[in-house]
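# Descriptive analysis of the structure
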Amino acid sequence: MKILVTGGAGFIGSEYVRSLLAGRLDGATEHSDSDHSGSGHSSAGHTVTVYDKLTYSGNVANLAPVADDPRYTFVRGDINDAALLDEVLPGHDAVVHFAAESHVDRSITGAGDFVTTNVVGTQMLLDAVRRGGIPRFLHVSTDEVYGSIDEGSWTEEWPLSPNSPYSASKAGSDLLVLAAHRTHGLNAVVTRCSNNYGHYHFPEKMIPLFVTNLLDGGRVPLYGDGGNVRDWLHVSDHVRGIHLVLTKGRSGEVYNIGGGTELTNKELTQRLLDACGADWSSVDNVPDRKGHDRRYSLDITKIGQELGYAPQVSFDEGLARTVEWYRENRAWWEPLKAKAAL
Ligand code: NAD
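The rules behind each value
- Residues numbered from 1 in each chain as written.
- Predicted model: local features only at pLDDT ≥ 70, side-chain atom pairs only at ≥ 80, totals over all residues.
- Heavy atoms only, no water.
- Helix = DSSP H or I, 4+ residues; strand = E, 2+ residues; numbered from the N terminus.
- Rg over C-alpha atoms; globule rule 2.2 N^0.38 Å.
- Buried < 20%, exposed > 50% of the residue type's maximum accessible area, 1.4 Å probe, protein only.
- Contact = heavy atoms within 4.5 Å.
- Areas by Shrake-Rupley, 256 points an atom, 1.4 Å probe, with all protein chains shown as cover.
- Lys, Arg positive; Asp, Glu negative; His and termini not counted.
- Charge placed at Lys NZ, Arg CZ, Asp CG, Glu CD.
- Salt bridge = Lys/Arg side-chain N within 4 Å of Asp/Glu carboxyl O.
- Near = heavy atom within 4 Å.
- Polar contact = N/O pair within 3.5 Å; in protein donor to acceptor, adjacent residues only side chain to side chain.
- Core = buried A, V, L, I, M, F, W, Y, C linked by side-chain atoms within 4.5 Å.

Along its length, the protein chain carries 11 helices and 12 strands. Expected size for 342 residues packed as a compact globule is a radius of gyration near 20 Å; at 19 Å, the protein chain falls within 12% of this value. The buried share of the protein chain, taken over its 342 residues, is 56%. For the protein chain, contacts bridging at least 24 residues in sequence account for 83% of all contacts bridging at least 6. As displayed, the protein chain has an accessible area near 13,400 Å², and 50% of this comes from carbon and sulfur atoms. Between the averaged position of the 31 positive side-chain charges in the protein chain and that of its 44 negative side-chain charges there is a distance of 2 Å.

Right, dumping it as structure tokens:
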């Protein structure tokens, strides 16, 4: 397949590109007997165009492992640039849409870019995909569109009830994709994923921020009472799920992708302190994030039963690998922290 990946220089998009070109995602589809991608292509022999604006969180260093691969092309571009999209999109078999403003705290400080990229940009992309006759579209959404849940877990039928400007903008884009399917018959699928962690994660997010601070003997900020619960998934498991849904998911459907490891932020902090050889004297209790969702929890029965998906990386193993990666890759994160004053 010839796949265009928006936001492919970010944390999850770059994992998708690296994994796809390394052949690590081919196994994700080989046992399934249906192909809804509309491409008629097998999972092997991919070429990839990364289309990325390179905002503060986009980083070509994330794509260094594939930089010399002849199957890979990089285009610096904004999803709001209709003319450039019309030039670049035609000829692709699929678009996998990661590009977004992704940090909740930044959306609380100022939501304008979130609406411009996540809502308007997604619509601009959908329009270009239709004009270009692209056979398949996958939208990467988030479990945060469901809001917060005290007990039980969200199925895909759950009403959307986002609480932050970030999640509201993601809900807008998610619904626009489903509307394009229903209104125009666009061959599109949506994935809603829980919190990701792993290598190449921009160090403003909790796990890489805590790990890099602690590796430097620094302090870490814990919001509120630390009782907020998140469902953690290793990024490699997320991109496996995405590729499975891209190639086998039914058009017009939503698929939750969750990790099944629910931890309070306090429990997660304990794990990170242990992994970095630190203790609670390194933790600052800071005022809670405004409107902080209490708990996220996804029901992943649908993707499991329909597409045979299950996460493969245990949290203990994934976290150990992640901490090790940050230990060994200071040259990647030190300049990012210095530039963003983190
Ligand atoms: P990220 O911030 O690391 O990457 C976003 C990428 O999009 C960057 O490379 C950035 O340069 C690019 N981008 C931003 N605005 C753009 C624009 N207007 N045009 C083109 N490119 C643009 O984010 P991430 O954590 O990799 O998340 C990727 C996607 O996955 C997002 O849509 C996010 O909502 C979703 N998601 C993330 C998580 C998570 O835990 N990180 C969980 C579920 C879903």
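Turning next to unusual backbone geometry. The phi dihedral of leucine 54 is positive, around 55°, even though this residue is not glycine. With respect to the helices, strands and loops of the structure, leucine 54 is situated in the loop between strand E2 (47-52) and strand E3 (72-76). Phi at tyrosine 200 is positive, roughly 60°, even though this residue is not glycine. Relative to the assigned elements, tyrosine 200 resides in the loop between strand E7 (195-197) and helix H6 (206-215).

On to the pattern of salt bridges, then. Applying the stated criterion across every chain, the model contains 19 salt bridges. Here arginine 71 and aspartate 69 are joined by a salt bridge, their closest N and O atoms 2.6 Å apart. Residue classification places arginine 71 among the partly exposed positions, given a relative accessible area of 31%. A relative accessible area of 17% means that aspartate 69 is categorised as buried. In this structure, aspartate 225 engages arginine 294 in a salt bridge whose closest nitrogen and oxygen atoms are separated by 3.0 Å. Residue aspartate 225 is found in the loop between strand E8 (220-223) and strand E9 (229-234), and its partner arginine 294 is found in the loop between strand E12 (283-286) and helix H9 (301-307); the two are separated by 69 residues along the sequence. Each of the salt bridges in this network shares a partner with another, and the network as a whole consists of Arg250, Glu253, Lys302 and Glu306.

This part covers the site of the ligand. Looking at the ligand, there are 28 residues lining it, with Ile12, Asp52, Ser102, Tyr166 and Lys170 nearest. Between a nitrogen atom of the ligand and a main-chain N or O atom of lysine 53, the distance comes to 3.1 Å. The contact in question runs from a nitrogen atom of the ligand to an N or O atom on the backbone of isoleucine 79, over 3.0 Å. Notes on the ligand: free accessible area 840 Å², of which the protein chains cover 96%. Contributions of two or more residues to the shell around the ligand are made by helix H1 (11-21), strand E5 (137-142), helix H5 (165-184) and E7. Among the elements that make up the shell around the ligand, the one with the highest residue count is E5 (three residues).

Nonpolar side chains tend toward joint burial in soluble globular proteins. Membership of the largest hydrophobic core comes to 35 residues, with the highest contact counts inside it found for Tyr16, Val17 and Val96. Non-local contacts of valine 96, meaning those with residues more than four positions away in its chain, are made with Ile3, Leu4, Val5, Thr6, Tyr16, Leu138, Val140, Ile242 and Leu246. The next biggest cluster of nonpolar side chains, apart from the first, holds 30 residues, and it includes Val88, Ile134, Tyr146 and Leu298.

With that out of the way, let us pick up the environment of aspartate 293. By secondary structure assignment, the location of aspartate 293 is in the loop between E12 and H9. In this structure the C-alpha to C-alpha distance between aspartate 293 and valine 50, which are 243 residues apart in sequence, comes to 32 Å. In this view, aspartate 293 contacts Gly147, Ser148, Asn163, Asn228 and Arg230; residues no more than four positions away in its chain are not counted. Polar side-chain contacts of aspartate 293 include one of 2.6 Å to the side chain of asparagine 163.

Glancing now at the environment of proline 221. Within the element layout of this structure, proline 221 appears in strand E8. Taking the C-alpha atoms as reference, proline 221 lies 34 Å from valine 50; in sequence the two are 171 residues apart. The contacts of proline 221, once residues within four sequence positions are left out, are Leu209, Phe210, Asp284 and Val286.

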